[in-house]
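Reading the structure
Residues per chain are reported as follows:
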Amino acid sequence: MSYYPLTSIPDYYSIDSLLTEEHKLIRESVRSWVESFVMPKIDEAAQEHTDIPGLMKELGNIGALGPYIPEEYGGPGLDQISYGLIMQELERGDSAVRSAASVQSSLVMFPIFEFGSEEQKKKYLPKLASGDLIGCFGLTEPNHGSDPSSMESKFTDQGDHYLLNGAKMWITNSPIADIAVIWAKGEDGKVRGMILERGMEGFTTPTTHNKWSLRASKTGELVFNNVKVPKENMLPNVEGLKGPLSCLNSARYGISWGVIGAAIDCYCTAVQYSKERKQFGKPIGGFQLQQKKLAEFLTEITKAQLLCFQLGNLKNAHKASPAQISMAKRNNVKMAIDIARESRQMLGGMGIMGEFPMMRHAANLESVITYEGTHDIHLLITGMDITGINAFG
């Protein structure tokens, strides 16, 4: 369990004054759920390399799955700042919990809502919102991560169905998913999205074992061996990389908020510990180097909060660019992982113990700094936006 109570949150620049009462109510509600449901279980789950039983149904019960999906399709119809605050509180519990909700919301529900047929929306979205269905998203492949345009998964038109072959890897929720939104190339070379259901012949989801990161999250592969996909399972309203990349933009936005929660958990624990741990006759919080660390932690968290709040305003106005989202994802994840590592040092040997959250957050953030676009790739996205020159090739 986290050493520091989850009822406190740093708000050095009075950002709460910019939030609506609904925003604050949503945040407090999710925080209370994290404290009561996640925190008593998360250390054991991470230590034992198991997920938290019943997690997706619980996330559905608190409205954390597809928060911005309209009520007519089973979602609560909240705004983007509400979505961000939910992700922040979930990741304050653990990145695995936020990842489960983020994948379901941004990578499964979002493309079905944005690019699916009316029949697909009505069939899948309400059950995904409630957690009765679990979804996953297949883009990354064994040979192609940062370069999705080179994907090798392909489908051919067989008249009354499509025949799909290929594989995806590093897929959150794949071993437990009921459906998968996957992206593959047709015979014309264009990327299309389609919905696969567990039980389709030739569709398997092997589990990825021996992870040192996101240990409370189920990760696996998606393998397609002559899978017959009904034509009505194709997402009809998008083609090309615009489809999966728009999903990643939504996921990256959620991550940029989520990692603030991990940083806050580490920061609050370090503050509490620095006041209670005594060395050389006084609390370690009275030493200059420790105060330097805490002051830097709070400064970086505050900068990240302001960045996300304005990005949320831009998202609500449909004005947030992919490059702006990349900047927030890159900056905030680096901020969080630095705070996790440095706050671990403040606790000395105790920092590696499961009673404190630092090592768990630090290990999780090693995955977060890589997935949904690596740290370096986001740097190049910003660089291209500045110069107009593509430096990827």
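Residues numbered from 1 in each chain as written. Predicted model: local features only at pLDDT ≥ 70, side-chain atom pairs only at ≥ 80, totals over all residues. Heavy atoms only, no water.

**Regarding the overall build of the chain**
Heads up, the condition is: Secondary structure counts use DSSP, requiring at least four H or I residues in a row for a helix and at least two E residues in a row for a strand, with both numbered from the N terminus. With the radius of gyration taken over C-alpha atoms, the globule rule is written as 2.2 Å times the number of residues to the power 0.38. Accessibility here uses a 1.4 Å probe with only protein chains present; expressed as a share of the type maximum, an area under 20% marks a residue as buried, one over 50% as exposed, and anything in between as partly exposed. Each accessible area value is a Shrake-Rupley result obtained with a 1.4 Å probe; residue values ignore everything except the protein chains displayed when judging cover. Think of it this way: Lys and Arg go in the positive column, Asp and Glu in the negative one, and His and the chain ends go nowhere. Here the site of a charge means atom NZ of a Lys, CZ of an Arg, CG of an Asp or CD of a Glu.
Helices and strands together make up the secondary structure of the chain, namely ten helices and nine strands. The C-alpha atoms of the chain give a radius of gyration of 21 Å, which matches the 21 Å a tight globule of 393 residues would have. With the C-alpha coordinates aligned to their principal axes, the bounding extent of the chain is approximately 80 × 45 × 40 Å. Per-residue burial for the chain yields a buried fraction of 55% across its 393 residues. For the chain, the accessible surface area stands at approximately 16800 Å², while carbon and sulfur atoms represent 53% of it. For the chain, the separation between the mean place of its 39 positive charges and that of its 45 negative charges on side chains is 4 Å.

**Details of the pairing of strand β3 (residues 161–172)**
Going by this rule: DSSP calls a pair of strands paired once it identifies at least 2 bridges connecting them.
In the sheet, strand β2 (residues 154–157) pairs with β3 via four bridges, with the strands oriented antiparallel. In the strand pairing of β3, Asp157 is matched with Tyr162. Direction of pairing for β3 relative to strand β7 (residues 219–230): antiparallel, over a ladder of nine bridges. Counted as the bridge partner of Ala167 is Val223 from β7.

**So, the layout of surface pockets**
Empty space among the atoms becomes visible once a probe the size of a water molecule is rolled across them. The cut-off we apply is this: Each cavity reported here is a set of points on a 1 Å grid over the protein atoms alone in which a 1.4 Å probe fits but cannot get out, each pocket an open set with protein on both sides within 12 Å along at least five of seven lines, and each lining residue one with an atom within 4 Å of a point. Grid points are joined across faces, edges and corners, and a volume is the space filled by probe spheres set on the points. In the scheme used here, Gly and all other residues not listed as nonpolar or charged are polar, with Ala, Val, Leu, Ile, Met, Phe, Trp, Tyr, Cys and Pro taken as nonpolar and Asp, Glu, Lys and Arg as charged.
As a volume, the largest pocket reaches approximately 1000 Å³. Only α4 (95–115), β3, α6 (242–276), α8 (322–346), α9 (358–368) and α10 (375–387) provide two or more residues apiece to the lining of the largest pocket. In terms of residue count, α4 provides more of the lining of the largest pocket than any other element does, five residues in total. By residue class, the composition of the lining of the largest pocket is 16 nonpolar, 15 polar and seven charged. Quantified by volume, the second largest pocket comes out at close to 460 Å³. Forming the walls of the second largest pocket are 16 residues, and the residues nearest its centre are Gln80, Phe110, Glu114, Lys315 and His318.

**Describing the UniProt feature "domain: Acyl-CoA dehydrogenase/oxidase C-terminal" (unreviewed entry) in the chain**
Operational definition: UniProt positions are given in the numbering used here, feature names are shortened, and annotations may be inferred rather than shown by experiment.
Per the UniProt record, the feature "domain: Acyl-CoA dehydrogenase/oxidase C-terminal" (unreviewed entry) sits at residues 240–384. Helix makes up 76% of residues 240–384 and strand 3%, and the two end C-alpha atoms of the span are 21 Å apart.

**What about empty space enclosed by the protein?**
Quick reminder of the rule: An automatic or database domain assignment provides the domain bounds reported here.
Following the criterion strictly, the structure yields two cavities of 30 Å³ or more and no others. By volume, the largest cavity is sized at about 120 Å³. Looking at the largest cavity, it is lined by 13 residues, and the ones nearest its centre are Ile15, Asp16, Arg27, Gln88 and Gln305. Mapped by element, the contributors of at least two residues to the lining of the largest cavity are α3 (80–93), α6 and α7 (288–316). Of the residues assigned to the lining of the largest cavity, the class counts are eight nonpolar, two polar and three charged. When residues are assigned to domains, the lining of the largest cavity turns out to be shared by domain 1 (15–134) and domain 3 (242–387), each giving three or more.

**Focus: α10**
At 3.6 residues per turn, the α-helix brings residues three or four places apart onto the same side. Selection criterion: A helix is expected to span 1.5 Å multiplied by its residue count minus one. Only heavy atoms enter the contact rule, under which two residues are in contact if any of them lie within 4.5 Å.
Here α10 is 13 residues long and its end C-alpha atoms lie 19 Å apart, about the 18 Å a rise of 1.5 Å per residue gives. Taken together, the buried positions of α10 are occupied by His375, Ile377, His378, Ile381 and Thr382. Buried residues along α10 sit in contact with α6 and α8. Phi turns positive, to about 80°, at Gly388, one or two residues after α10.

**Observations regarding the pattern of salt bridges**
Where charged atoms from two side chains of opposite charge approach closely, those side chains can pair. Just so we agree on the cut-off: The salt bridge definition used is simple: a Lys or Arg side-chain nitrogen within 4 Å of an Asp or Glu carboxyl oxygen.
Across all of its chains, the model carries 16 salt bridges by this definition. The partner of Lys292 in a salt bridge is Glu296, with the nearest N and O atoms 2.9 Å apart. On the criterion of helical spacing, the pair formed by Lys292 and Glu296 is a turn pair, its members being four residues apart in helix α7. On the basis of relative accessibility, which here comes to 39%, the residue Glu296 falls in the partly exposed class.

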